[in-house]
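Overview (structure and organization)
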Amino acid sequence: MPAIQTFIIRAILGAVFGILLMRFFYPEAPPALVVLLCAILVGLSYLTQYLRRRKK
């Protein structure tokens, strides 16, 4: 799968889960905090991929 397609899928899933988590646990959170959580989720997905590939 091309890298841009992987990024788009991860960004969409990160945004969806980030919004759901923030609205469920912190409904009054500012939008900037929601965007930060979405970016952290996408970054963590790349970190786990790196760690998984490094073990092989």
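Higher on the page you've got the structure.
Residues numbered from 1 in each chain as written. Predicted model: local features only at pLDDT ≥ 70, side-chain atom pairs only at ≥ 80, totals over all residues. Heavy atoms only, no water.

1. Observations regarding the overall build of the protein chain
- From N to C terminus, the protein chain includes two helices and zero strands.
- For 56 residues, the compact-globule estimate of 2.2 N^0.38 gives 10 Å, and the protein chain exceeds it by more than 25% at 13 Å.
- Across its three principal axes, the protein chain shows a C-alpha extent of roughly 40 × 20 × 15 Å.
- Carbon together with sulfur atoms contributes 76% to the accessible area of the protein chain, which is approximately 4700 Å² in total. (Helix = DSSP H or I, 4+ residues; strand = E, 2+ residues; numbered from the N terminus. Rg over C-alpha atoms; globule rule 2.2 N^0.38 Å. Areas by Shrake-Rupley, 256 points an atom, 1.4 Å probe, with all protein chains shown as cover.)

2. Description of the packing of helix H1 (residues 3-25) against helix H2 (residues 31-55)
- Where H1 meets H2, the closest approach of the two axes is 8 Å, and the angle between their N-to-C directions is 135 degrees. Considering the angle they form, H1 stands oblique to H2. The crossing of H1 and H2 is right-handed.
- Across the contact of H1 with H2, the residue classes tally to 15 nonpolar, five polar and two charged. (Axes fitted to C-alpha atoms, helices over the stretch in contact; angles between N-to-C directions. Parallel < 35°, antiparallel > 145°, perpendicular 65-115°, else oblique. Left-handed = near helix turned anticlockwise from the far one by under 90°. Nonpolar A, V, L, I, M, F, W, Y, C, P; charged D, E, K, R; others polar.)

3. Comments concerning the packing of aromatic side chains
- The final tally for this structure, using the stated rule, is one aromatic pair.
- Between Phe-24 and Phe-25, the aromatic rings sit 4.9 Å apart at their centres with planes inclined by 85 degrees, giving edge-to-face as the arrangement. Comparing Phe-24 with Phe-25, the two get one shared label, exposed.
- Over the aromatic face of Tyr-46 sits the side chain of Arg-10, whose NZ or CZ is 4.5 Å from the ring centroid. (Phe/Tyr/Trp six-rings, centres within 6.5 Å; stacked < 30°, edge-to-face > 60°. Buried < 20%, exposed > 50% of the residue type's maximum accessible area, 1.4 Å probe, protein only. Lys NZ or Arg CZ within 6 Å of the ring centre and 35° of its normal.)

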